[in-house]
Amino acid sequence: MAQNEMKRILVTGAVGQIGSELTMALREKYGADNVLATGRKTPPSKELLESGPFEYIDVADKASVEAVVDKYEIDTIYHMAAILSAVGEDKPWLCWSVNMDGLKNVLDIGVEKKLTRIFVPSSIAVWGPGAPLEMTPNETVLKPTTMYGVTKVAGELLADYYFKRFGLDCRGVRYPGIISHETLPGGGTTDYAVGIYYDAVIKGSYECFVREDTVLPMMYMPDAIKATLDLMEAPVENLKHHNDFNIAAMSFSVTELAGSIRKVMPEFTCTYKPDSRQAIADSWPNSIDDTAAREEWGWKPAFDLDAMTEDMLANLRRKHEAGLLV
Ligand SMILES: NC(=O)c1ccc[n+]([C@@H]2O[C@H](COP(=O)([O-])OP(=O)(O)OC[C@H]3O[C@@H](n4cnc5c(N)ncnc54)[C@H](O)[C@@H]3O)[C@@H](O)[C@H]2O)c1
């Protein structure tokens, strides 16, 4: 198939936090019938199921991925299936298998079937000791201390290798913590920045699993979706990086996050009970430098903390009033 003639898209991990909203954005942009959503076991939402095709696959089982690529004549993959940081520390070998074998399967299928383009998400979890904590640059020491981070560094390098060695056009960003109100996060370290909004609306208070002075890079979902779509549309000749773009939007401590919520809900309270996720949070940067993404494909975020808070609380309140939050 000639490049850019038409898109037939597969989304892996489409039932997940990012995949679920990305699938709807892709269906809107490229036509619902051209976007196949896939999950592992979790049933999809009614919206996902009724708006276009859906199949179950296991990315660690190459034949199951190949079958849907053939059946739907796929030419582009957004590979969102993964095991995230906190679950990855509980189950390191599952994390390795899904994140590494799953990625290699997708990349191999990309080469064998001459796919046009593959999106390979990375994370701020690529960093660890030795990297600067403030305005962490694109190029710096990558020595993560979590299995998740190990798979993300290896995944970036593997995808870059496939680009250079096999000419496979794969691209990816290092997402910061992603905050959203459609689908709950799947077991990462930045989940507190989502949970705090849900509990603010449901209970008026939140018990946070990291300390109040914990600062991490974060991003609101609409910006994460925009980054994903924009990078995938960028002309390949403009890209010097491929699978390791830093993208930044905002950085805040939990105290600042709770303060932003209190501007809308003055009665909101937050208490702190740090658990094992504190050490993971402490190993990641506070803020990141995204100059390469801005220069190579025009990245620019729209939401800051207070704009995100207003939108999150308005959406969650609407859902709560409709009896959709438990
Ligand atoms: N959400 C964030 O804050 C964040 C931050 C940085 C990077 N990322 C990356 O973005 C991508 C998407 O993350 P997310 O937050 O949507 O994750 P998520 O955990 O919400 O969703 C991942 C999905 O992958 C599925 N999955 C797990 N094992 C599978 C398998 N063997 N086969 C097929 N599917 C399988 C899960 O069922 C889940 O629905 C991941 O690569 C993640 O590492 C996310």
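Remember, it's a predicted structure, so these values are computed and weren't measured experimentally.

A.B. asks: Describe the overall build of the chain, naming the residues involved and giving the relevant values.
C.D. replies: Summing up its helical and strand segments, the chain has twelve helices and 14 strands in all. For the chain, whose C-alpha radius of gyration is 19 Å, the value lies close to the compact-globule estimate of 20 Å for 326 residues. In terms of overall dimensions, the chain has C-alpha extents of about 60 × 45 × 35 Å along its principal axes. For the chain, the residues scored as buried account for 57% of the 326 residues in total. For the chain, contacts bridging at least 24 residues in sequence account for 78% of all contacts bridging at least 6.

A.B. asks: Describe the sheet that holds strand β12 (residues 245-246), and please don't skip the residues or the numbers.
C.D. replies: The three strands lie next to each other as β6-β8-β12, forming an open sheet whose pairing is parallel. Two strands in the sheet have a free side with no partner beyond their single neighbour: β6 (122-123) and β12. For strand β8 (residues 173-175) and β12, the ladder comprises two bridges, and the chain directions are parallel. Following the sheet pairing, Val173 is matched in β12 by Phe245.

A.B. asks: Tell me about the domain arrangement of the chain, and please be specific about residues and values.
C.D. replies: Parsing the chain into structural domains produces domain 1 (9-177 + 221-246) and domain 2 (178-218 + 250-321). Listed per partner, the contact involves 43 residues of domain 1 and 35 residues of domain 2. In total, about 3,300 Å² of surface goes out of reach between domain 1 and domain 2, with carbon and sulfur atoms giving 60% of it. Looking only at domain 1, the three residues that lose the most surface to domain 2 are Gln17, Gly177 and Asp223, adding up to 21% of its buried area. The interface formed by domain 1 and domain 2 contains zero salt bridges. Going through the elements one at a time, α1 (17-30), α4 (85-90), β8, α8 (221-233) and β12 are the ones with two or more residues in the side of domain 1 that touches domain 2. With eight residues, the single largest contributor to the side of domain 1 that touches domain 2 is α8.

A.B. asks: Run through the environment of Thr214, naming residues and quoting values.
C.D. replies: Of note, Thr214 is situated in the loop between β10 (205-208) and β11 (215-220). Among all residues touching Thr214, those that are not within four sequence positions of it are Tyr192, Phe252, Ser253, Val254, Gln278 and Ala281.

A.B. asks: Any chance you could break down unusual backbone geometry for me, citing the residues and the numbers?
C.D. replies: With a phi close to 50 degrees, Glu73 is a non-glycine residue in the positive phi region. Looking at the element boundaries, Glu73 is found in the loop between α3 (62-71) and β4 (76-79). The class of Glu73 is exposed, set by a relative accessible area of 57%. Phi angles above zero are rare outside glycine, and Met135 is one such case at about 50 degrees. Take Met135: it is sitting in the loop between β6 and α6 (147-166). Among the residues examined, Met135 registers a relative accessible area of 48% and is labelled partly exposed.

A.B. asks: An account of the layout of surface pockets is needed here, citing residue identities and associated values.
C.D. replies: One number sums up the size of the second largest pocket: a volume of about 560 Å³. Around the second largest pocket, the lining comprises 21 residues; the ones closest to its centre are Ser45, His181, Glu182, Thr183 and Lys319. The set of elements that each furnish at least two residues to the lining of the second largest pocket consists of α1, α2 (46-51) and α7 (192-202). In terms of residue count, α1 provides more of the lining of the second largest pocket than any other element does, four residues in total. Classifying every residue of the lining of the second largest pocket by side-chain character gives twelve nonpolar, four polar and five charged. Formed jointly, the lining of the second largest pocket draws a minimum of three residues from each of two domains, domain 1 (9-177 + 221-246) and domain 2 (178-218 + 250-321).

A.B. asks: How would you summarise the site of the ligand if you had to cite specific residues and measurements?
C.D. replies: Surrounding the ligand, one finds 26 residues, the nearest of these being Gln17, Ile18, Asp58, Tyr148 and Lys152. Within the contact set of the ligand, an oxygen atom lies 3.4 Å away from a backbone nitrogen or oxygen of Gly16. The backbone of Ile18 places a nitrogen or oxygen atom 2.8 Å from an oxygen atom of the ligand. Calculation on the ligand without its partners gives an accessible area of 840 Å², and the protein chains cover 90% of this total. Sorting the residues of the shell around the ligand by element identifies α1, β6, α6 and β9 (177-179) as the ones contributing at least two each. Of the residues forming the shell around the ligand, the biggest block, three residues, is contributed by α1. Classifying every residue of the shell around the ligand gives 14 nonpolar, nine polar and three charged. A domain split of the shell around the ligand shows at least three residues from each of domain 1 (9-177 + 221-246) and domain 2 (178-218 + 250-321).

Rules of the game
- Counting restarts for each chain, with residues numbered from 1 along the sequence as it is written.
- In keeping with the predicted nature of the model, local features appear solely for residues at pLDDT of at least 70, side-chain atom pairs appear and are counted solely at 80 or more, and the whole-chain, interface and lining totals rest on all residues.
- Hydrogens and waters are ignored; side-chain quantities use all the structure's heavy atoms.
- Put simply, DSSP H or I for four residues or longer makes a helix, DSSP E for two residues or longer makes a strand, and each gets a number counted from the N terminus.
- The quantity called the radius of gyration is restricted to C-alpha atoms. Its globule counterpart is 2.2 Å times the number of residues to the power 0.38.
- Think of it in three bands: residues with accessible area under 20% of the maximum for their type are buried, residues over 50% are exposed, and the middle band is partly exposed, with areas taken using a 1.4 Å probe on protein chains only.
- Contact between two residues is taken to exist if any of their heavy atoms lie within 4.5 Å; hydrogens are not considered.
- Only when DSSP finds a minimum of two bridges between them are two strands counted as paired.
- An automatic or database domain assignment is the source of the domain bounds shown.
- Note on terms: buried area is the combined drop in 1.4 Å-probe accessible area of two parts once they are placed together, counting the loss on both.
- Salt bridge, as used here: a side-chain nitrogen of Lys or Arg that lies within 4 Å of a carboxyl oxygen of Asp or Glu.
- Definitions used for this entry: grid spacing 1 Å over protein atoms alone; cavity, a set of points where a 1.4 Å probe fits but cannot get out; pocket, an open set with protein on both sides within 12 Å along at least 5 of 7 lines; lining residue, one with an atom within 4 Å of a point.
- Grid points are joined across faces, edges and corners, and a volume is the space filled by probe spheres set on the points.
- For this scheme, ten residues count as nonpolar: Ala, Val, Leu, Ile, Met, Phe, Trp, Tyr, Cys and Pro. Four count as charged, namely Asp, Glu, Lys and Arg, and the remainder, Gly too, count as polar.
- Think of it this way: one heavy atom of a residue within 4 Å of a molecule or strand is enough to make that residue near it.
- In protein, a polar contact means a hydrogen-donor-capable atom and an acceptor-capable atom, both N or O and within 3.5 Å, with residues adjacent in sequence counting only if both atoms are side-chain atoms; elsewhere, any N or O pair within 3.5 Å suffices.
- Note on areas: Shrake-Rupley, 1.4 Å probe, and residue coverage restricted to the protein chains presented here.

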